[in-house]
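# Observations on the three-dimensional arrangement
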Amino acid sequence: MAKINFGGTEENVVTREEFPLAKAQEVLKDETIAVIGYGVQGPGQALNLKDNGFNVIVGQRKDSKTWDKAVADGWEPGKTLFPIEEALDKGTIIQYLLSDAGQIAVWPTVEKYLKPGKALYFSHGFGVTYKERTGIIPPKDVDVILVAPKGSGTSLRRMFLEGRGLNSSYAIFQDATGKAFDRVVALGIGVGSGYLFETTFQKEVYSDLTGERGTLMGAIQGIFAAQYEVLRSNGHSPSEAFNETVEELTQSLMPLVAENGMDWMYANCSTTAQRGALDWWKKFRDASMPVFKELYSEVAKGNEAQRSIDANSQSDYRVKLEEELKELRESEMWNAGAAVRQLRPENQKK
Ligand SMILES: NC(=O)C1=CN([C@@H]2O[C@H](COP(=O)(O)OP(=O)(O)OC[C@H]3O[C@@H](n4cnc5c(N)ncnc54)[C@H](O)[C@@H]3O)[C@@H](O)[C@H]2O)C=CC1
Ligand SMILES: CC(=O)[C@](C)(O)C(=O)O
Ligand SMILES: [Mg+2]
Ligand SMILES: [Mg+2]
């Protein structure tokens, strides 16, 4: 366990150096890892575990699109791919990777197979933290652990195949066997994490729900739309408005931030831009602070969790989500974006 100083605070971090893959394989050599759910995280984690040499099987609803996806990915029905209950029975570690709403519906079935000594693994603190709303209360004689990749399951798989890794948080809610730490870290390394930082189930879900509604997905679309609309209402063309709002950020500036921080990105822009950005960023911070405070309060009260449960437990939730995604895709800003993306040299038809 390394102690890393993050901006003045020392935190526990597990890296591949001190917990190499060989150690993870040794820790889990007698385990059967059953990945329940094959949506976004399921494929990324299961395929990385398989490529890392672990004994992993997939449990999914038969005659479902995701069953077919698993077959297409090489999982063999009756050998490494099973209906959910069969996988639950065979698994000594249950990776519960159904959707958060789906986990509620299937929990009564999962609970039946949680024999003493097994491990119940999540990639989100949602189900256990909001137990009054989800009904997910694990038995006392199983390990309850979490590895939460800080990114899409699609990126987890892509970065693994590129020889890189996506960072994950890890937490132990219950250590019934005395092996919970070794199991959770071994699984974190096995699913392809670059390094693991410690958290709790509650801290993970509060921060994650805030992040995805905030800078990572919700707020960023909000400020893109606001700037785009102001530019357009002042006579700027769609391509100019989109390039100045999104394309330059994703293609040029965000990679510089990822490489070496915000000051590095600023330093690689004009002094005119630096002056402006340094003058305005606090104004945007102050304007959005009340919204972020309201967001966190709604998350901590459980209202955001309930909203997600109510909406995503509807039988037509996917249809409704797709309609809203279509509305976003067909908005002028993202329509202009599709044209701009096509103009990238790498996308030009050869
Ligand atoms: N999407 C991502 O990249 C990330 C997801 N997570 C967490 O990982 C877990 C899995 O997330 P995703 O892969 O996005 O899930 P998802 O929304 O893609 O759903 C996974 C699978 O659950 C199935 N499912 C949904 N409702 C069901 C039901 N009632 N009965 C049976 N199956 C049902 C779906 O068919 C799908 O195959 C969640 O706890 C999520 O919060 C964590 C980090 C990132
Ligand atoms: C990809 C990720 O980390 C999210 C945004 O939290 C999620 O998909 O739930
Ligand atoms: Mg997340
Ligand atoms: Mg999330």
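This one's a predicted model, so the numbers in the text were calculated from it and none came from an experiment. (Residues numbered from 1 in each chain as written. Chains lettered and ligands numbered in written order. Predicted model: local features only at pLDDT ≥ 70, side-chain atom pairs only at ≥ 80, totals over all residues. Heavy atoms only, no water.)

What follows covers the UniProt feature "domain: KARI N-terminal Rossmann" (unreviewed entry) in the protein. Here the UniProt feature "domain: KARI N-terminal Rossmann" (unreviewed entry) sits at residues 9-199. The distance separating the terminal C-alpha atoms of residues 9-199 is 14 Å; by composition the span is 39% helix and 25% strand. (UniProt positions renumbered as here; feature names shortened; annotations may be inferred. Helix = DSSP H or I, 4+ residues; strand = E, 2+ residues; numbered from the N terminus.)

With that out of the way, let us pick up unusual backbone geometry. Phi is positive for Asp-63, which is not a glycine, with a value near 55°. Here Asp-63 lies in the loop between strand S4 (56-59) and helix H3 (65-72).

Ile-33, Trp-75 and Tyr-121 are the most contacted members of the largest nonpolar core, which totals 32 residues. When contributions to this core are tallied by element, the ones reaching two or more residues are strand S3 (33-36), helix H2 (41-51), S4, H3, strand S7 (119-122), strand S8 (143-149) and helix H9 (180-190). Per-element tally for this core: the top contributor is H9, with 6 residues. If we skip the residues at most four places from it in the chain, Trp-75 touches Tyr-38, Ala-46, Leu-47, Lys-50, Val-56, Val-58, Ala-70, Thr-80 and Leu-81. Formed by 25 residues, the second largest nonpolar core is a distinct cluster that contains Ile-36, Phe-82, Leu-98 and Val-142. (Core = buried A, V, L, I, M, F, W, Y, C linked by side-chain atoms within 4.5 Å. Buried < 20%, exposed > 50% of the residue type's maximum accessible area, 1.4 Å probe, protein only. Contact = heavy atoms within 4.5 Å.)

This part covers the UniProt feature "domain: KARI C-terminal knotted" (unreviewed entry) in the protein. Under the present numbering, the feature "domain: KARI C-terminal knotted" (unreviewed entry) in UniProt falls on residues 200-347. The span residues 200-347 carries 83% helix and 0% strand; its end-to-end C-alpha distance comes to 43 Å.

We now examine the site of ligand 1. The environment of ligand 1 is made up of 23 residues, and the closest members are Val-40, Gln-41, Arg-61, Asp-100 and Gly-153. At 2.9 Å, a backbone N or O of Val-40 approaches an oxygen atom of ligand 1. Contacts to ligand 1 include Gln-103, whose side-chain N or O atom sits 3.2 Å from an oxygen atom. Out of a free accessible area of 820 Å², ligand 1 has 81% covered by protein chains. Those elements that place two or more of their residues in the shell around ligand 1 are helix H5 (100-112) and helix H16 (317-329). When residues in the shell around ligand 1 are grouped by element, the largest group, 5 residues, is from H5. In the shell around ligand 1, the residues fall into 8 nonpolar, 12 polar and 3 charged. (Near = heavy atom within 4 Å. Polar contact = N/O pair within 3.5 Å; in protein donor to acceptor, adjacent residues only side chain to side chain. Areas by Shrake-Rupley, 256 points an atom, 1.4 Å probe, with all protein chains shown as cover. Nonpolar A, V, L, I, M, F, W, Y, C, P; charged D, E, K, R; others polar.)

This brings us to the coordination of the magnesium ion (ligand 4). Bound to the magnesium ion (ligand 4) are the protein donor atoms Asp-208 (OD) and Glu-212 (OE), situated 2.0 to 2.1 Å from the metal. Between the magnesium ion (ligand 4) and the magnesium ion (ligand 3), a spacing of 3.5 Å is present, and a bridge between the two is formed by Asp-208. Remark: Glu-212 and Asp-208 occur in helix H10 (residues 201-213); sequence separation between them is 4 residues, near one turn of the helix. (Donors = N, O, S within 2.8 Å, 3.2 Å for Na, K, Ca; no water.)

On the basis of which strands lie adjacent, the open sheet formed by 10 strands has the order S1-S2-S10-S9-S8-S7-S6-S3-S4-S5 and mixed pairing. Single-partner strands in this sheet number two, and they are strand S1 (2-6) and strand S5 (81-82). Both strand S9 (residues 166-174) and strand S10 (residues 193-198) contribute to a ladder of 4 bridges, which runs parallel. Looking at the pairing, Leu-166 lines up with Ser-193 of S10. Against the sheet, H9 touches strand S2 (9-15), S3, strand S6 (93-96), S7, S8, S9 and S10, its axis set at about 25° to S8. (Pairing = 2+ DSSP bridges. Axes fitted to C-alpha atoms, helices over the stretch in contact; angles between N-to-C directions.)

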